[in-house]
Every structure is written in C-alpha cells, then in structure tokens.
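Geometric and topological summary
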Amino acid sequence: MHLQLGWRNIWRNPRRTTVIMIAVVIGVWSMIFMGAFHRGMINQMVQNGIATLTGHIQVHFKGYRDDPAIEKSMAEPKVVQAVLEKHVPPGARWTARVRVSAVASNARHSGGVTLVGIDPAREAQVSFIGEAVTQGHYLGPDDEYGIVVGEALVEKFETKLGRKLVLMSQDTDRELASRAFRIVGIFRAEMEATEKQFVFVTLTAAQRMLKLEKGISEFCIVLPDRHEVDEVADNLRAALPPSKYEVHNWRDLLPLVDAYLSLFDTFIYIWFLVVFIAMGFGIVNTTLMAVFERIREFGLLKALGMKPWWIIRGVLTESFLLLVMGMAAGNILGLVTIFALSGSGIDLSAFAAGAEWAGISRVIYPVIHAKDVTIANLVVFILGLLVSIYPAAKAARFTPVEALAHT
Amino acid sequence: MSIVECVDIKKTYDQGKVEVEALRGVSLSIDTGGFMALAGPSGSGKTTMLNIMGGLDSPDSGSVVVDEHHYDQMNQSELASLRLHKVGFVFQAYNLIPVLSALENVEFVMLLQGVPQAERRERAETILNDVGLKGMYDRRPAELSGGQQQRVAVARAIVSNPAIVLADEPTANLDSKTGQGLLEMMREMNEKRSVTFVFSTHDQMVMDYARRLVQLRDGLIVDDRVKET
C-alpha cells in the first residue's frame, strides 16, 4: 500500500508531476545522448587518426619524429620488412611510405603539402586512400607521373582532373628536386584539412624524385585488434636495433587524441553532474511544494502513530516513482534518438571549419556504451533520492499539533 | 478501573509577547469503557487536554498515564508507537487521507501496525459495516458526505481496538441530524466494543449523549458529573 499511496500522491497534481517528469526525461535523455555523441566523436577521432596514415604502429629511422627530414629516412628497409614479417600477428597489414614536406604549384597557385609516396596495393589496405578516390582513379603500380590529390586542394588550386601539378622538395643531396605530375584521381576525406594537406604519388616516383633509391620514411602497421598495439610494438622494439629505429604506437603519434581520450570520462561525468544539478533543483522544489501542500496530512500521519522515518520513506517513495518513470522515458527516448541517428549520423558540415579545428569528423555517429547509460541512470537515481531527503526530512519534522492546526 | 489518569496538568502557550495558560492544574481520571465529554467554551483548554491525553502535546508539569503507560517516561518514538496501538483519534475536520478509499483509510492504521493484509481487509470491512458504510468501501473521501467521512474516521480510530478514542469536536462540521447519527453510532461502538470515548465539545447534543460530562473553564475543571442511566 505504501507504493500505491506514493503513486496516488504524485498524481494529486498531474501538471506538477508532468513538469518535473519532463525535466527528468530531458535530463536523462541529454546525458545518454550527449554521452553517445561524445563517444561517437572520440571514436571517429581515433578511427580517422588511425586511418589518415597514422595506423596503429609506425616504424621510423631514429630521430625522424623530432626532425622529419629526408636524411632521416631508412636506407635499408629490408631489415625492417623482415622483422615485420616475423613479428606482426596474422591478419595485420603494413606498408612502406615516403613522406616529405613539399611545395605544390600550378599556373595559378602554390602551397605547402605533404608528399606521400605509397605502394598503391599495400596502402589501400592500411589507410583511407584506397577507398577515398571519388573522381578519376586510384594510383596504379606503374603510375610514374600520376598524382592523387584532395577535393579541397583541387578547389584551392582551381585545377581539375588531368591537369598538371608540380611538386618541389629537398632531395637527399640537399638540392631542390621537382617533378611534374598529372592529376589522375581526386579523393575526399573525413576532414577538409586532410584533403588540403596530403598528395599521393607512387613510392617509386617519390623515391626517384627525391633520389632516395630504396629509402623509406616510415612503415605503417594496422593490426586486426587495436588492443594488441602495445604488445606488438614492444616486440618490434625488441627486434629492431634501437640505435637505428624507433617504434611508436598511435597514442604516441596522436597525442591530442590520446589526451582527449584520457580526459573524456571526466568530461562526461562533469556533464552528467551539471545536468543533474539543474534537474536536482527541480526535484527539490517540486518535492518541497508537495510537502508544504500536505502539512496537515503529515500531522495526521504522525498523530496516527507514524514514526518520522516512515514519513521520510513515504516522501522518498514518491521521489523514487517520479525518478523511475522519468528515467524509463528518458532512456527510451535517448536510445530511440541514438538508434535513429546511428544510420545517417549527425551532420556537422555547417560547422566544418570549427569541427575540423578540433579534429572532429563532419558526420558524427553516436556510439552507446552500457557504462555511460548505467552511470547516467545511477547519477539521476542516487542523487535524485539524496536531494529528496531534504524535503522528506522537513515533512518528518512537523509536530502533529502544529501541523494539524495548519490551514 | 482507570484507563486514563491525569494529575495536575499545567500547560502554557507562548504566543509572542503573551503567555496563555491553557491548563492550570487539571486532574482527571477516566474509567475503561467511559463515554465522556470535555465541554467548555473556546479557549477553555479542552483541545489541549485531549492533545496531552493523546500524546500529541506534552504538559509543562503534571503526569499522564494511559493504559499504564507513563508519558513522562516515554520518548517521541515510544509515544508514536503508543498512539498507533492504544489511542484512536477523530478530528473535527475528518482528516482522512484523500488519495485512499474508505476501506484503505481504515486499513492504513493496521498497515502501520503490521497486521497481515487478509486480516486487515476483513477487519476494515467489518468495522465499516458496523458504522453503516457497507458498500462504500471504494469511495474516496471526496466522494463521501461529511457525516460519512466522519464515520470512516471513527472506524479508523476504533479498528485497531485502542484503549481510548479521543474525538475533538467530532460533530462540529455536521448538521444536527448527521451529528446525532454519528453519536448514536459511537455510543453503539462504546457499548458493543467497550471502547472508551472522550470528546471535546461545546455541542449540547454531544453533552446530552455523554454519560460523564466534565466542564472546563479557563484551564480548570469547574464541573464533573456522571449522569444517571
């Protein structure tokens, strides 16, 4: 009957109950949805980072990361290839690249780019570029003068498919090296900055242009399971001479994403708390109003022999019911919203410039984590009951004589 | 045998700058099975006396013993427990729980006492039948007349077989016919179930029904007479 009494009491003022329930629903919904949105965002930041040439692990010549100059290339890549073939797990993919800073120019414009020399077949299995070409075609193994550039670069340079693009960089003799390429493919990437930054030529074309012979800037490895990264990286470190090579995992290579990941849980919980504080004021206010409207009734209950603790329990039961109903509706709404957006994602194209600055994709696909949903519900439930103790204690403190005389 | 024993009860209320002496040394003994009215004009102290006998308020001095329980030796929790098991209340404004039906209002006290559901239901239905509310079990207070609500209040007060029922001006909000019906019913309960009733009232009809009439004035008993039956 206690539950029944609580249930009927909360519906004595349906409008007030509806208003506070809406507050709880919106609060829970926003916690779940924003949690999933941020999870999706961070997941895509990691995926984009890994797919945009970073991979899970990279091997460089020692000192390359501090000074990515052409002289810091690996002159004997076969040593590394042999180690990779022996130590990467089955299902892993890897490729070799030449990567240098260069200046791209055509008749109208010029600008800094990163020249990436790739093995087209292997690269397609490791990074985004294999599936990113939207116009023209991807590089073939013998595309000696072909170049694949991003849509944004094409737009910036006011050029198009089939036009020439001249690349200039420093070769191994520290002389200016230049070569004219013809645009054979145009790619589209998650982020506009990627389209403007990277231009792709074949590995042999890059090596010839830069007089690298067989030299390689980096090996990039993608593992079947991201969680094996540390173990594989350690094995590679142990197998390669440390005086010549250095091995980095994606966390080392994407420090901003790594830092964001570390802070992410804290951000989410702070968000939960902020939402709850707003909701908590509503809960306290509503419960207090309900208590003060029923002072005589609490006086009666005490006169009948109800102990203060029983009255506290009664008021908390009402809050419990409100919270459970609000949470149920908020969860359903949150899950439905996430499900509805999981296919098409949330298009942030309108904010592309700002989003890119923060390394965020144009389209965010929310990702729901049971842990986030559980914590959001626990925050609302436990803190909701805790803040209800204050009005409940108020109700329990009324003396029967004063309360019964209350009009 | 006395069910209530009050000795030299004094109570003063502090109302801002004014102190009001509600009771100035009242001693009263009430026998088991009594049907007694505390009468007097407004401010004579009858409600204060009722509240003190019910353990809702405490005297400044003097002692109260109800069914061998000494109030001055009990804390608030023990007093609440005593009210739950030994004292029934009937208020002028009925004071039923508005969201509960007549049957549930009567059951509620037994629920607090921990009486099993089936027994609660049976006892509540029996008592509602006894007070003339058969077939009105599921009606909520708003769906009952004043007299019917007060009958539910009486049923609630006596359903748990208390040692004493304290009724504070129970007929004040009722018309005379309804009030008379209620008094008839309470006297029947008194005779049938040997429940001790104490009323505070300034209603002549209640005084006429009472077997013992105690008159209060300015916080003192000025008359105490038992009527011949």
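Small disclaimer: the values here were computed from a predicted structure and weren't measured.

**Describing the overall build of chain B**
Check the secondary structure of chain B and you find 7 helices and 10 strands. Against the globule reference of 17 Å for 229 residues, chain B gives a C-alpha radius of gyration of 17 Å, in line with a compact fold. In terms of principal-axis extent, the alpha carbons of chain B reach across some 50 × 40 × 40 Å. With 229 residues in all, chain B has 55% of them scored as buried. Across chain B, the fraction of contacts at a sequence separation of at least 24, relative to all contacts at a separation of at least 6, is 68%. By element, 44% of the accessible surface of chain B is carried by carbon and sulfur atoms, the whole surface being about 9,900 Å².

**Focus on the domain arrangement of chain A**
We note that the domain assignment places domain 1 (2-49 + 257-405) and domain 2 (57-222) within chain A. Computed from C-alpha atoms alone, the centre-to-centre distance between domain 1 of chain A and domain 2 of chain A is 51 Å.

**Concerning the interface of chain A and chain B**
Each partner contributes to the interface: chain A provides 21 residues, whereas chain B provides 26 residues. Between chain A and chain B the total buried area reaches about 2,100 Å² when both faces are included, carbon and sulfur atoms providing 71% of it. Counting the contacts that link chain A with chain B gives 1 salt bridge. Close ionic contact of E104 of chain B with R8 of chain A constitutes a salt bridge, the shortest N to O distance being 2.5 Å. Where the side of chain A that touches chain B is concerned, the elements lending two or more residues are α1 (2-10), α11 (295-304) and α15 (400-405) of chain A.

**Observations regarding the packing of helix α2 (residues 14-54) of chain A against helix α12 (residues 308-344) of chain A**
Residue and element names in this part refer to chain A. Close contact between α2 and α12 brings their axes to 7 Å; oriented N to C, the two are set at 40 degrees. Relative to α12, the element α2 lies oblique. Relative to α12, the crossing made by α2 is right-handed. When grouped by side-chain class, the residues that make up the contact of α2 with α12 number 17 nonpolar, 6 polar and no charged.

**Some remarks on the sheet that holds strand β10 (residues 220-226) of chain B**
Residues and elements named next belong to chain B. Within the open sheet, the 6 strands sit side by side as β6-β7-β8-β3-β9-β10. Their pairing is mixed. Bordering the open sheet on either side are β6 (87-90) and β10, each of which pairs with just one other strand. The mean inter-strand angle of the sheet, taken between neighbouring strand axes irrespective of direction, is 15 degrees. In the packing of helix α2 (residues 76-86) onto the sheet, contacts are made with β6 and β7 (164-168), and the angle to β6 comes to roughly 75 degrees. Taken strand by strand, helix α5 (residues 146-158) contacts β6, β7 and β8 (196-201), and its axis lies near 170 degrees from that of β6.

Parameters and conventions
- Residues numbered from 1 in each chain as written.
- Chains lettered and ligands numbered in written order.
- Predicted model: local features only at pLDDT ≥ 70, side-chain atom pairs only at ≥ 80, totals over all residues.
- Heavy atoms only, no water.
- Helix = DSSP H or I, 4+ residues; strand = E, 2+ residues; numbered from the N terminus.
- Rg over C-alpha atoms; globule rule 2.2 N^0.38 Å.
- Buried < 20%, exposed > 50% of the residue type's maximum accessible area, 1.4 Å probe, protein only.
- Contact = heavy atoms within 4.5 Å.
- Areas by Shrake-Rupley, 256 points an atom, 1.4 Å probe, with all protein chains shown as cover.
- Domains from an automatic or database assignment.
- Buried area = accessible area lost by both parts, 1.4 Å probe.
- Salt bridge = Lys/Arg side-chain N within 4 Å of Asp/Glu carboxyl O.
- Axes fitted to C-alpha atoms, helices over the stretch in contact; angles between N-to-C directions.
- Parallel < 35°, antiparallel > 145°, perpendicular 65-115°, else oblique.
- Left-handed = near helix turned anticlockwise from the far one by under 90°.
- Nonpolar A, V, L, I, M, F, W, Y, C, P; charged D, E, K, R; others polar.
- Pairing = 2+ DSSP bridges.

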